[in-house]
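Summary of structural features
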Amino acid sequence: MTRKRASRAKQTHKAINFPPSPLDENLTDATVRGFAEDIQISNFIESACTVCGLLAYKSDMSPLADANIDSTLLIPDVPVTRAERQATTDPIRPLLGPVLLPGCDDICKTCLEELSEGKLPPDSLANGLWIGEVPPVLQDLSWTEKMLISRVKHNICTVKVHVSGMSKMKANVVSHSLPMPKIYHALPPPRDDLDEVLAFMYIGPNVPTHKEFKRTPMLVRRNKVKEALEWLKLNHEDYADLEISYENLDAYPEDEPPVVVNYTMSMATNKDSEATAVNDTEEDEGVEDGDCPFVVHGLTGTYLEHLGKVRPYEITARAVEHFKSQDVPLAVPVWVWWT
Ligand SMILES: [Zn+2]
């Protein structure tokens, strides 16, 4: 008999006291104290590492100021940062000093170990991963505005806004990749080009007006797009040779979506019965006021493989057909991504 089996046999024959004696006060105290210590909030708080920008438990991090490391390791030989430029006359220059995440003072265990050994952590911002802070001009862009400032169009998107008979609005988009991405030398693209990559369906009890469009992610604010493109041209090396077409920009309306609106009248609920849980008793989904909730679903290669020989174009075509007619049965489970 091996030693392991012998020990198991020994355990089996150990006398067991049953029923066990009741908990004494000391053991109760130790158990409660141990549990309380384990669920201390400090054990769960996460913070970003100033070197790599990744989230880690704060309890596993230490202040960078106390770390015994060579900070010159975080100054790359080839500049990876870029100071913000306000005008074309401003010089292009990197930020001075080590590449760190602003507003964070702690370093994670992994980065500390690598730097202590005199190595640059592979995930560090100094290792070519710096992208800088997102400036205000690039924040709060709508879905359509983001499409207008993108130099490469990878996807075809079909946006569906569904308003129920009780005026609750929700929106979602299904997108899949283009076989051949489109690259633009001038932005925003001509308005007609958008029809090739973006489709918009509106289902609701009334023909949509500016009030409804304003709640969807489909409107374009010309000034916002202009400021974003001008900032990118000044500060992003991939946009340096971009031509900003103010003529194209002026062609975009501000009070309606830039693509054809496929409107279907419906007084019915905007819930998808196939995707509703049996215990879900709400009549409609979405909100009555303010920006409508917007969900983005992507169809990637893995998902598409499950659909057999159905091509992405067919999926979009069938989805469009379905939402126009409301009762055409689908041969492929497009619902999975629409809900
Ligand atoms: Zn780190």
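Residues numbered from 1 in each chain as written. Predicted model: local features only at pLDDT ≥ 70, side-chain atom pairs only at ≥ 80, totals over all residues. Heavy atoms only, no water.

To continue, consider the overall build of the protein. The number of helices and strands found in the protein is 11 helices and 11 strands. Here the protein, with 339 residues, has 35% of them falling under the buried criterion. Of the roughly 21,200 Å² of accessible surface on the protein, a fraction of 55% belongs to carbon and sulfur atoms. (Helix = DSSP H or I, 4+ residues; strand = E, 2+ residues; numbered from the N terminus. Buried < 20%, exposed > 50% of the residue type's maximum accessible area, 1.4 Å probe, protein only. Areas by Shrake-Rupley, 256 points an atom, 1.4 Å probe, with all protein chains shown as cover.)

The subject of this paragraph is the environment of T81. Along the chain, the position of T81 falls in the loop between strand 3 (62–63) and strand 4 (106–107). The exposure class of T81 is buried, given its relative accessible area of 11%. When the C-alpha atoms of T81 and W130 are compared, they prove to be 6.4 Å apart, with 49 residues separating the residues in sequence. In this view, T81 contacts P94, L95, V99 and W130; residues no more than four positions away in its chain are not counted. Among the polar contacts listed, one links the side chain of T81 to the backbone nitrogen of L95, at a separation of 3.0 Å. (Contact = heavy atoms within 4.5 Å. Polar contact = N/O pair within 3.5 Å; in protein donor to acceptor, adjacent residues only side chain to side chain.)

Residues F35, I39 and F44 make up a contiguous nonpolar surface patch of about 340 Å² in total accessible area. The residue F44 is located in the loop between helix 2 (25–38) and strand 1 (46–48) in this model. Using a relative accessible area of 48% as the deciding quantity, one classes F44 as partly exposed. (Patch = residues over 30% accessible without salt bridge, like charges linked within 9 Å, V, L, I, M, F, W, Y side chains within 5 Å. Salt bridge = Lys/Arg side-chain N within 4 Å of Asp/Glu carboxyl O.)

Below, the discussion takes up the pairing of strand 8 (residues 198–204). Consecutive side chains of a regular strand alternate in pointing toward one face of the sheet and then the other. Of all seven residues in strand 8, six are buried; the element is thus mostly enclosed. Note that strand 5 (residues 152–163) and strand 8 share six bridges and pair parallel. By the bridge assignment, C157 is partnered in strand 8 with L198. Of the pairings in the sheet, the one linking strand 8 to strand 10 (residues 261–265) comprises five bridges and is parallel in character. Paired with M201 across the strands is N262, a residue of strand 10. (Pairing = 2+ DSSP bridges.)

Coordination of the zinc ion by the protein involves C49 (SG), C52 (SG), C108 (SG) and C111 (SG), with metal-donor separations of 2.2 to 2.3 Å. Geometry at the zinc ion is tetrahedral, judged from its four donor atoms and the angles of 102 to 120 degrees they form at the metal. Given the relative accessible area of 4%, C111 is considered buried. (Donors = N, O, S within 2.8 Å, 3.2 Å for Na, K, Ca; no water. Tetrahedral: all angles 85-135°; square planar, octahedral: opposite > 155°, others 65-115°.)

What follows covers the confidence of the model for the protein. Where the model shows low pLDDT, its predicted coordinates should not be examined in detail. When pLDDT is averaged along the protein, the result is 81; 83% of the residues meet or exceed 70. Residue range residues 1–7 is modelled with pLDDT below 50. Its contacts to residues more than four positions away, or to other chains, number one contact. Scored below 50 in pLDDT, residues 322–339 shows 43 contacts in the model against residues more than four places distant or in partner chains. (pLDDT = per-residue confidence, 0-100.)

Another aspect to go through is the side chain of T216. Tracing the backbone shows T216 in the loop between helix 6 (210–215) and helix 7 (222–235). At 2.7 Å, the side chain of T216 and the backbone oxygen of F213 are in polar contact. What T216 contacts, discounting residues up to four positions off in sequence, is V161, M169 and C292.

A few words on the pattern of salt bridges. For the structure on display, the rule yields seven salt bridges. For E145, the salt bridge identified is with R221, shortest N-O distance 2.7 Å. Of the two residues, E145 is situated in helix 4 (residues 143–148) and R221 in the loop between helix 6 and helix 7; the sequence distance between them amounts to 76 residues. The shortest N-O distance in the salt bridge between D193 and K182 comes to 4.0 Å. Linking D193 in helix 5 (residues 191–197) with K182 in strand 6 (residues 169–183), this pair joins segments that are 11 residues apart in sequence. According to the relative accessible area criterion, K182 is partly exposed, its value standing at 25%. Residues joined by salt bridges that share partners form a network here, namely K182, D193 and E196.

Let's shift gears to the pairing of strand 5. Counting buried residues in strand 5 gives nine out of 12 residues, a clear majority hidden from the surface. Note that strand 5 and strand 6 share 11 bridges and pair antiparallel. Bridge assignment links V161 to a residue of strand 6, and that residue is A171. In this structure, the hairpin formed by strand 5 and strand 6 is closed by a connection of five residues, where S167 is found at a positive phi of approximately 65 degrees.

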